[in-house]
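Coordinates in review
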Amino acid sequence: QSDAMLIEDALFNEDLAPQPPQEWRDCVVRRTVFDALELEGLSFEGVMEGCAVMSTEFYWGLFNCALVAGTRFEACRFRSTSFRGCTFVDCEFVDCRFELDNLGGDCTIDDCLMAACRFVGCTWTTRAGDGKRDITRTRWLGCTHERCEGFDGMF
C-alpha cells in the first residue's frame with residue numbers, strides 16, 4: 001500500500017493553500033496550478049506532470065529523485081533549492097531566479113537528467129568571488145537558454 005497522495009486539476013494560491021510542504025514528499029501532481037505561494041522547506045520526491053507554477057518562492061526546497069514533466073515555472077524564485085537525482089523533461093523556466101539563501105548557500109543540481117528543458121530570461125546567482133555553480137554529475141540533453149544571466153557554460 002502506498003501513502004502517496006494524488007492531486008489533479010487543482011488550483012493553489014494564497015486563498016487556497018495546499019497541504020503543508022512536509023506532506024508532499026510522495027505526491028503525484030497532475031495539471032495543477034500553483035500561484036503566488038511561499039514554500040519553505042518543501043521536500044518533494046514525487047511526480048509533477050503538466051503543471052504551472054507561477055510567482056512562487058521556494059526557500060530551502062528539496063527535490064530528491066522527483067520526476068517533473070511538461071511543467072512551466074514562471075517568475076519563480078529558488079533560494080538555495082536542491083535538485084538531486086531528479087529528472088526534468090520538457091519543462092520551461094521563464095523569468096525564474098536561482099539565488100543564494102540568507103547564509104550564502106547556492107542552489108544545487110546534482111546527478112539530474114535535464115531533457116528538452118528551456119530557460120528564458122532566468123538568472124543564476126553564485127557565491128561572491130566563487131563564480132562556480134553547484135552543478136555536478138548532471139546530464140543536459142537538448143536544453144536551451146536565452147536571455148539568461150549566470151548560465152554561461154552551464155550546458
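Structure's up top.
These numbers come from a predicted model, not from an experiment.

The strand order across the open sheet built from 5 strands is β6-β10-β14-β18-β22, with neighbouring strands paired in parallel fashion. Bordering the open sheet on either side are β6 (43-44) and β22 (134-136), each of which pairs with just one other strand. When strand β18 (residues 108-110) meets β22, the two strands line up parallel, connected through 3 bridges. In the strand pairing of β22, Thr108 is matched with Asp134.

This brings us to unusual backbone geometry. A positive phi angle, near 50°, is found at Ser55, a position not held by glycine. Tracing the backbone through its elements, the reader meets Ser55 in the loop between β8 (52-54) and β9 (57-59). Taking the relative accessible area as the measure of exposure, Ser55 reaches 42% and is therefore partly exposed. Its identity is not glycine, yet Asp90 carries a phi of approximately 55°, on the positive side. Mapped onto the fold, Asp90 is located in the loop between β15 (87-89) and β16 (92-94).

Let us now look at empty space enclosed by the protein. Tallied over the full model, the rule gives 2 cavities of 30 Å³ or more. Its residues assigned to classes, the lining of the largest cavity shows 10 nonpolar, 1 polar and no charged. The space that makes up the second largest cavity amounts to roughly 50 Å³. Phe83, Phe88, Phe93, Phe98, Ile109, Met114, Phe119 and Trp124 are the residues that line the second largest cavity. Counted by class, the lining of the second largest cavity contains 8 nonpolar, no polar and no charged residues.

Rules of the game
Residues numbered from 1 in each chain as written. Predicted model: local features only at pLDDT ≥ 70, side-chain atom pairs only at ≥ 80, totals over all residues. Heavy atoms only, no water. Pairing = 2+ DSSP bridges. Helix = DSSP H or I, 4+ residues; strand = E, 2+ residues; numbered from the N terminus. Buried < 20%, exposed > 50% of the residue type's maximum accessible area, 1.4 Å probe, protein only. 1 Å grid on protein atoms, 1.4 Å probe; cavity = no way out; pocket = protein on both sides within 12 Å on 5 of 7 lines; lining within 4 Å. Points joined across faces, edges and corners; volume = space filled by probe spheres on them. Nonpolar A, V, L, I, M, F, W, Y, C, P; charged D, E, K, R; others polar.

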